[in-house]
Amino acid sequence: MVYQRDDRDENWLKQARVVCGMGTCLRRRYGAIIVKDNRHLSQGYCGAAGGEEDCLSKGYCKRQDLQIPSGERYELCESVHAENNSVINAAILGVSIKGGTLYLCGEESESKELADAIPCKMCARIIINATLEKVITRTSTGGINIYTLDDLRQIIRN
Ligand SMILES: [Zn+2]
Ligand SMILES: [Zn+2]
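Below or above, wherever it landed, is the structure these notes cover. (Residues numbered from 1 in each chain as written. Chains lettered and ligands numbered in written order. Predicted model: local features only at pLDDT ≥ 70, side-chain atom pairs only at ≥ 80, totals over all residues. Heavy atoms only, no water.)

## Points about the coordination of the zinc ion (ligand 1)
Formally: Coordination partners: N, O, S within 2.8 Å of the metal, 3.2 Å for Na, K and Ca; water not considered, so apparent gaps in a site are possible. Strands here mean DSSP runs of E at least two residues long; helices mean DSSP runs of H or I at least four residues long; both are numbered from the N terminus. For every residue, the accessible area obtained with a 1.4 Å probe (protein chains only) is divided by the maximum for its type, and the residue is called buried under 20%, exposed over 50%, and partly exposed between those limits.
Only Cys 25 (SG), Cys 55 (SG), Cys 61 (SG) and Cys 77 (SG) from the protein reach the zinc ion (ligand 1) as donors, at distances of 2.3 to 2.4 Å. Spacing between the donor residues of the zinc ion (ligand 1) along the chain follows C-x29-C-x5-C-x15-C. You can see Cys 25 sitting in the loop between α1 (8-20) and β1 (28-36) and its partner Cys 55 sitting in helix α2 (residues 55-58), a full 30 residues away along the chain. The same class applies to Cys 25 and to Cys 55, which are both buried.

See below:
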């Protein structure tokens, strides 16, 4: 019997995909997991601030309705991004994420098809200041992208 074992990146990206399912934005759903020494430290999904109405319960996402291009006007959506929430959750739990890796996965909310997961400028800044070491993402074609801190700085500057 042929048995193929997932490697570590594959394992954590699969788990990040599961977390996407908790997302509350009608446009896309994202999940993030922070890992260090192959241990799960924290996770977060893209969702509204606690106690606030999310895009799903409102029945619309302002960014989606106004067809805002990717990367712009994030304040119009109710959501705190998955990367940001995973860092916040680590702080709440009192877990040190210094030097950790953030795994990120995204999917279209309606079709559940994979979406390219690329940290936005705001999240790239947060990831750098959270002293994480790198970001590993799932691409829309099922591949893997690795973002070093230098790559994140390029996102911020572009
Ligand atoms: Zn939204
Ligand atoms: Zn973001």
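Back to the text.
## Let's talk about the pattern of salt bridges
Heads up, the condition is: The working definition used for a salt bridge is a side-chain nitrogen of Lys or Arg within 4 Å of a carboxyl oxygen of Asp or Glu.
In the structure shown here, the tally under the stated rule is seven salt bridges. A salt bridge links Arg 73 to Glu 75; the nearest nitrogen and oxygen atoms lie 2.9 Å apart. For Arg 73, a relative accessible area of 44% corresponds to the partly exposed category. Residue class for Glu 75 comes out exposed when judged on its relative accessible area of 57%.

## Re the coordination of the zinc ion (ligand 2)
Listed as protein donors to the zinc ion (ligand 2) are His 81 (ND1), Cys 120 (SG) and Cys 123 (SG); their distances from the metal cover 2.0 to 2.3 Å. In primary-sequence terms, the residues that donate to the zinc ion (ligand 2) follow H-x38-C-x2-C. Given the relative accessible area of 8%, Cys 120 is considered buried. On the basis of relative accessible area, Cys 123 is assigned to the buried category, the value being 2%.

## Overview of the nonpolar core
This is how it is decided: To form a nonpolar core, buried Ala, Val, Leu, Ile, Met, Phe, Trp, Tyr and Cys residues must be joined to one another through side-chain atoms within 4.5 Å.
Counting 20 residues, the largest nonpolar core has Ile 97, Leu 102, Leu 104, Leu 132 and Leu 152 as its most contacted members. Ala 16, Val 19, Ile 33 and Tyr 103 belong to the second-largest nonpolar core, a separate cluster that totals ten residues.

## Some thoughts on helix α4 (residues 82-93)
Put simply, the rule reads: One less than the residue count of a helix, multiplied by 1.5 Å, gives the span that helix is expected to have. Note on definitions: a residue-residue contact is assigned when non-hydrogen atoms from the two residues lie within 4.5 Å.
Across its twelve residues, α4 extends 16 Å between first and last C-alpha, which sits within 8% of the 16 Å expected from 1.5 Å per residue. Within α4, burial applies to Ala 82, Glu 83, Asn 85, Ser 86, Val 87 and Ala 90. Turning to α4, the residues buried within the fold contact β1, β2 (39-45), β3 (47-48), β4 (79-80), β5 (101-108) and α5 (121-129).

## Some remarks on the packing of α4 against α5
How two helices pack is summed up by the angle between their axes together with the distance between the axes. Selection rule: Helix axes are fitted to C-alpha atoms over the stretch in contact, other axes to C-alpha atoms as well, and angles between N-to-C directions run from 0 to 180 degrees. Oblique is the label for every angle not falling under 35 degrees (roughly parallel), over 145 degrees (roughly antiparallel), or within 65 to 115 degrees (roughly perpendicular). For any helix crossing, the convention is left-handed if the near helix is rotated counterclockwise from the far helix by under a right angle, and right-handed if that rotation is clockwise. When residues are grouped by polarity, Ala, Val, Leu, Ile, Met, Phe, Trp, Tyr, Cys and Pro land in nonpolar, Asp, Glu, Lys and Arg in charged, and all others, Gly among them, in polar.
Between α4 and α5, whose axes approach to 9 Å, the crossing angle comes to 30°. The angle between α4 and α5 falls in the class roughly parallel. Our pair here, α4 against α5, has a crossing hand that is left-handed. Along its contact with α4, which presents Glu 83, Asn 84 and Val 87, the element α5 presents Cys 123, Ile 126 and Ile 127. Of the residues contributing to the contact of α4 with α5, the split by class is four nonpolar, one polar and one charged.

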